[in-house]
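Understanding the architecture of this molecule
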Amino acid sequence: MLKWLGSLTDSNEKELKRFQPLVDEINSLEPEFQKLSDAELRAKTDEFKTRLKEGETLDDILPEAFAACREAARRSIGERHFDVQLMGGIALHQGKITEMKTGEGKTLVATLPLYLNALSGDGCHLITVNDYLARRDAYWMGPIYHALGLAVASIYPSQSPAEHLPARLYDPDYTDEKDTRWPHFRPITRRQAYEADITYGTNNEFGFDYLRDNMAIDLSHCVQRQLNYAIVDEVDNILIDESRTPLIISGAAEEATEKYNIFARLVPQLRKDEDYTVEEKERQVYLNEPGMAKLEKWLRRDGLLKAPSLYDPANYTLTQYLENALKANVLFKRDRDYVVKDGQVIIVDEFTGRLMFGRRYSEGLHQAIEAKERVKIQRESVTLATITFQNYFRLYKKLAGMTGTAATEAEELHKIYKLEVVIIPTNKPMIRVDNPDQIYKDEETKFKAVAKEIEAFHQQGTPVLIGTVSIEKSELLSDTLKRKGIPHQVLNAKNHEKEAAIIAQAGRTGAVTVATNMAGRGVDIILGGNPADRDKKEWQQEHDRVIELGGLHVVGTERHEARRIDNQLRGRSGRQGDPGSSRFYVSLEDDVVRRFGGDRVKGFMDWAGFDENTPIEHSMVSKSIENAQVKVEGFHFDIRKHLVDYDDVVNKHREVIYAERRKILEGADLKSNILSMVRDEIEKLVATSCSRDLIEADYTGLVEELSTILPLPPQLNPQELSKMSSKEITEKLVEYAEQLYEQREKEIGADNMRLMERLVMLRAIDSLWKDHLTEMDHLRQQASLFAARQVEPIVVYKKEGHALFESLTAGIEHDVVHTIYKVSLAKKEAPAQRQPQKAAVPAGRKVGRNQPCPCGSGKKYKHCCGR
Ligand code: ADP
Ligand code: MG
């Protein structure tokens, strides 16, 4: 790991040196671009576009395009890209991850590569961590793009029940009188937002639009273009922290309450270590042979076992309940992983400690916990479409990212995403003072000390920002501060917009701000507060005063599992060469110390003659905690890598199916396709009924089977068929099937026939794909059971997954052939409805009964899918 980092810094130097000539060239172009009139500057865009059409490459025009963008930024928003920002822009254009410290102006940096890449006309996306930033950044940078004649749009989740898939275009000619913050945002459709040159939005919105597009039954419903170039802001958050949660569009399924209850009753009767083994660190439970034998006995007694062995494929679904019940009972702890509130099991977010209302564990685990806790088991949902962020982002032709903290995760970003990290130096030297950690015996003493430190800084007037690992801890601290009479603000990543306003003032004299780690991310903390809407002189005085007081002081109340998260918190202070300081407080009861570094830290404490009430502050302790963090990071990396391996299997399937779907929407010739499927099916049927292995050919059976596909004429009866060879039979049948097809086409008209073909194909694909996703889920759980048998679960998963995929494609063919001769047109057809999306609710977001239905029908949820 350390070796890796060492080589990273070496190659980084080389990389930066390679950027230098480009930076020099852009600088040398500056006087020339400054002389251009506004109209001439705008005309540059057309010139670049023409030159690209004539064969020049994006790299050829990079220096001029960057010079144009820099000039446009200077004129329109009064910010001229610094040289280091040009370097960041070059790295982003090259599809790399730029590490630039917080406050270095990454929002502005992104305009350079976005402008350059948008010149190709293929659309560029900027992905933000939250919906507030999706709007703020598009609006903030809007004037730059506008000065260059490019369109920039923003997509974000609904902010009110009246808004459905909202999108805005930055347009200075438009003014919304009611919107005081962003008056020049013109409402547009999602599709228009994707047609803009540049689109800002959250990862969720981009991902859900992609999934929805792949559920559409008409091309006119699709909103995205080909995914071309994306820059992911706060890339570590999205590709590392969030990569574990897939996006899911789901619908309701059948009830299976009883099974959950049965297993919730059986599993507690098993004994730890004897019947099952727990791997604490990997958070896994494995069933042992004796446990398996017991379960088989009990299940047989209850008549639930479909085959003698639990491993038998016939027991697939049972093992799924079993796995979940084991996890629910052994690994998941009430009030740590989840809470039970008003008869509901609510997940606790492991990063923020927030209660995640409406979110559910997937794959039946949530139901298993409900059964364990004896609360009402909610209906299971069926996944209609799903993708992980990591696979979504891999769909882009070119991907880049930026963040203040990527270096510690460089190895992972490289191995999983093939993304290289480039560390860009700060514009001004960093002068923040990072004090060594203070270690306390227990949490209580630690928090007392934290409160005391806050009090001292507050009295002096120095602004303090305190980071906590969970909402619960934030509230605890808030109570203490209240008792001490210290005015403060608490942020917990709930309302991004409100929190942005608060955090923007966290640098004012005497400000005390308590925040969980994601809260207020992306918002600049300016010393002395946000100068907007303030008297200039008064702001300057306050700004100078805070600098005198030493700048923003950051207090960490616990070491996070990853150093990266700690660095982020620290990075809130010392922006753009500001003074600042930081200190972390640690106790022996903290998670990371207890789970991973406990013994070494304690050993050292004993050696140092550690006294219960005084803290210890020693670089050796800080070092061992850091070592513990490196260990945890590696461990989490392995888990994520593992997930990627699994995910790759389904991802291949998704690629094939979605590509097929797309071809259908784009008007592929389905007729010949379907007719060849019909021929296939007929051949298969004839082969099985008239096979030479059969003592007697089964003509009656064949006719019966065939009539489930199409109505046979009287002359094609068993007697007649028995007089022919199987080759003749096949030819006769295929000829007849084709004739009938033509006849139907004449009856209903060619256009209608094409429509039918499309609908029949899409319906078969969508319904079987949905089943396939569920089966793959089950298989994944099944596969993990194989670990006990010394077989690599991933090997089993790949092999069986392939078989399932083959039966999926066979199933689609079967369904299409068995439907196509039966469909008919009703008088009042409404083919343009977004039928397959019925009951589709993006997981993780709760839809109010009176809100518009997420399926896009325009009806209220309660009158549509929520019925
Ligand atoms: P980051 O995303 O890197 O944390 P931001 O994009 O939020 O940083 O920018 C931080 C602050 O720096 C903003 O207030 C922005 O206006 C300012 N800034 C960035 N680049 C420049 C520049 N070239 N000239 C002047 N101000 C800049
Ligand atoms: Mg930012």
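Residues numbered from 1 in each chain as written. Chains lettered and ligands numbered in written order. Predicted model: local features only at pLDDT ≥ 70, side-chain atom pairs only at ≥ 80, totals over all residues. Heavy atoms only, no water.

Quick word on the nonpolar core
Within soluble globular proteins, side chains that are nonpolar tend to cluster in buried spots. Short version of the rule: Joining through side-chain atoms within 4.5 Å is the link that ties buried Ala, Val, Leu, Ile, Met, Phe, Trp, Tyr and Cys residues into a set, and such a set is a nonpolar core. When accessible area is computed with a 1.4 Å probe and restricted to protein chains, residues below 20% of their type maximum are described as buried, those above 50% as exposed, and intermediate ones as partly exposed. Whether two residues are in contact is decided by their heavy atoms: any pair within 4.5 Å suffices.
Formed by 180 residues in total, the largest nonpolar core has its most connected members in L114, F393 and Y821. The contacts of L114, once residues within four sequence positions are left out, are C124, H125, L126, Y145, I198, Y200, Y229 and I231. Among the nonpolar cores identified, the runner-up in size contains 38 residues, and V267, L287, I347 and I377 belong to it.

Some thoughts on the sheet that holds strand β3 (residues 152-155)
Just so we agree on the cut-off: Paired strands are those between which DSSP finds at least two bridges. Numbering goes from the N terminus for both helices and strands, where a helix is a DSSP run of H or I of at least four residues and a strand is a run of E of at least two. Axis definition: a line fitted to C-alpha atoms, over the contacting stretch in the case of helices. Angles run 0 to 180 degrees between N-to-C directions.
Strand order in the open sheet made by the 9 strands is β5-β4-β3-β6-β2-β7-β15-β1-β16, with mixed pairing throughout. At either end of the open sheet lies a strand with only one pairing partner, and these are β5 (185-187) and β16 (421-423). The sheet shows a mean angle of 25° between the axes of neighbouring strands, taken without regard to direction. Note: strand β7 (residues 229-233) against strand β15 (residues 398-403), 5 bridges, orientation parallel. Its bridge partner being in β15, I231 is matched across the sheet by A400. The sheet strands contacting helix α6 (residues 131-147) are β2 (124-128), β3, β4 (167-170), β5, β6 (198-202) and β7, and the helix crosses β6 at an angle near 165°.

A word on the site of ligand 1
Convention followed: Summary of the distance rule: residues count as near a molecule or strand when at least one heavy atom falls within 4 Å of that molecule or strand. Nitrogen and oxygen atoms within 3.5 Å of one another constitute a polar contact, given that in protein one can donate a hydrogen and the other can accept it, and given that sequence-neighbouring residues count only through two side-chain atoms. To measure how exposed things are, a 1.4 Å probe is used in the Shrake-Rupley method; for residues, cover is taken only from the protein chains shown. Polarity classes work like this: nonpolar for Ala, Val, Leu, Ile, Met, Phe, Trp, Tyr, Cys and Pro, charged for Asp, Glu, Lys and Arg, and polar for all others, with Gly in that last group.
The environment of ligand 1 is made up of 17 residues, and the closest members are E79, G103, T107, D524 and Q576. In the environment of ligand 1, a nitrogen atom lies 2.8 Å from a nitrogen or oxygen atom belonging to the backbone of R80. One of the side-chain N or O atoms of Q576 is found 2.6 Å from an oxygen atom in ligand 1. Look at ligand 1: alone it shows 570 Å² of surface, and the protein chains cover 86% of it. Looking at which element gives the most residues to the shell around ligand 1, the answer is helix α5 (residues 106-118), with 3 residues. Grouping the amino acids of the shell around ligand 1 by side-chain chemistry returns 3 nonpolar, 7 polar and 7 charged.

Considering the side chain of D337
Along the polypeptide, D337 turns up in the loop between α12 (316-331) and β11 (338-341). Looking at D337, the relative accessible area reads 12%, which means it is buried. Filtering out sequence-adjacent residues up to four positions away, D337 remains in contact with R283, L331, F332, I346, I347, V348 and Y361.

What to know about the packing of helix α15 (residues 410-417) against helix α22 (residues 619-665)
Axis angle and axis distance: for two packed helices, these are the angle between their axes and the distance between the axes, and together they describe the pair. Condition: Each angle receives one of four descriptions, namely roughly parallel if under 35 degrees, roughly antiparallel if over 145, roughly perpendicular if within 65 to 115, and oblique otherwise.
Across the interface, α15 lies against α22 with an axial gap of 11 Å and an inter-helix angle of 10°. Taken together, α15 and α22 sit at an angle that is classed as roughly parallel. Contacts from E411, E412, K415 and I416 in α15 reach F637, R640, K641 and V644 in α22. For the contact of α15 with α22, the residue count by class is 3 nonpolar, no polar and 5 charged.

Description of the environment of Y417
Tracing the backbone shows Y417 in helix α15. Owing to a relative accessible area of 9%, Y417 belongs among the buried residues under this scheme. Considered as a pair, Y417 and F393 are 24 residues apart in the sequence and their alpha carbons are 9.1 Å apart. Those residues in contact with Y417 that sit more than four places away from it in its chain are L239, S243, Q390 and E412.

Quick notes on the packing of aromatic side chains
Test applied: Two aromatic rings from Phe, Tyr or Trp, using only the six-membered ring of Trp, form a pair when their centres are within 6.5 Å; if the ring planes differ by under 30 degrees the pair is stacked, by over 60 it is edge-to-face, and anything between is tilted. In our convention, an over-ring charge means Lys NZ or Arg CZ found within 6 Å of a ring centre and within 35 degrees of that ring's normal.
Counted by the stated rule, this structure contains 19 aromatic pairs. Considering the side-chain rings of Y392 and F393, the 5.2 Å spacing of their centres and the 70° angle between planes classify their relative orientation as edge-to-face. On the accessibility criterion, Y392 (0% relative accessible area) is buried. Three or more aromatic residues joined by ring pairs make a cluster, and in this case those are Y210, F389, Y392, F393, Y396, Y658 and W769. Note that R181 overlies the ring of W182, its terminal NZ or CZ placed 4.2 Å from the centroid. The positively charged end of K398 is found above the aromatic ring belonging to Y229, 4.8 Å away from the centroid.

With respect to the side chain of T513
Its location among the elements puts T513 in strand β21 (residues 512-516). Once you skip the residues sitting within four places of it in the chain, T513 turns out to touch V464, L465, I466, Q489, L491, I503 and A506.

What to know about the sheet that holds strand β13 (residues 355-356)
Strand pairing in a sheet relies on backbone hydrogen bonds, with the paired strands running either antiparallel or parallel. Taken in spatial order, the 3 strands line up as β11-β12-β13 in an open sheet, and their pairing is antiparallel. Across the chains shown, the open sheet's two edge strands, defined by having one partner strand only, are β11 and β13. Examined bridge by bridge, β11 and strand β12 (residues 344-348) share 4 bridges and lie antiparallel to one another. Considered in β12, the bridge of K341 is made with Q344. Packed onto the sheet, helix α13 (residues 365-372) meets β11 and β12 and runs at close to 125° relative to β12.

Examining the confidence of the model for the protein
The test is simple: The score called pLDDT rates the predictor's confidence residue by residue, from a low of 0 to a high of 100.
The share of residues in the protein with pLDDT of 70 or more is 89%, and the mean pLDDT across the chain is 86. Low pLDDT, under 50, characterises residues 827-847; the stretch is placed with 56 contacts to residues that sit more than four places away or in other chains.

What about the pairing of strand β10 (residues 284-287)?
Of the two faces of β10, only one is covered, namely that formed by V285 and L287; the face formed by Q284 and Y286 stays uncovered. Pairing between strand β9 (residues 276-279) and β10: 4 bridges, direction antiparallel. Within β10, the position partnered with E279 by the bridge is Q284.

So, the pairing of strand β23 (residues 580-587)
The element β23 is largely enclosed, with a buried count of 8 among its 8 residues. Here β23 shows a buried face lined by G580, S582, F584 and V586 and a second buried face lined by S581, R583, Y585 and S587. When strand β17 (residues 433-434) meets β23, the two strands line up parallel, connected through 2 bridges. In the sheet register, V433 faces β23, and the bridge partner there is S581. Where strand β18 (residues 438-440) meets β23, 3 bridges bridge the pair, whose relative direction is parallel.

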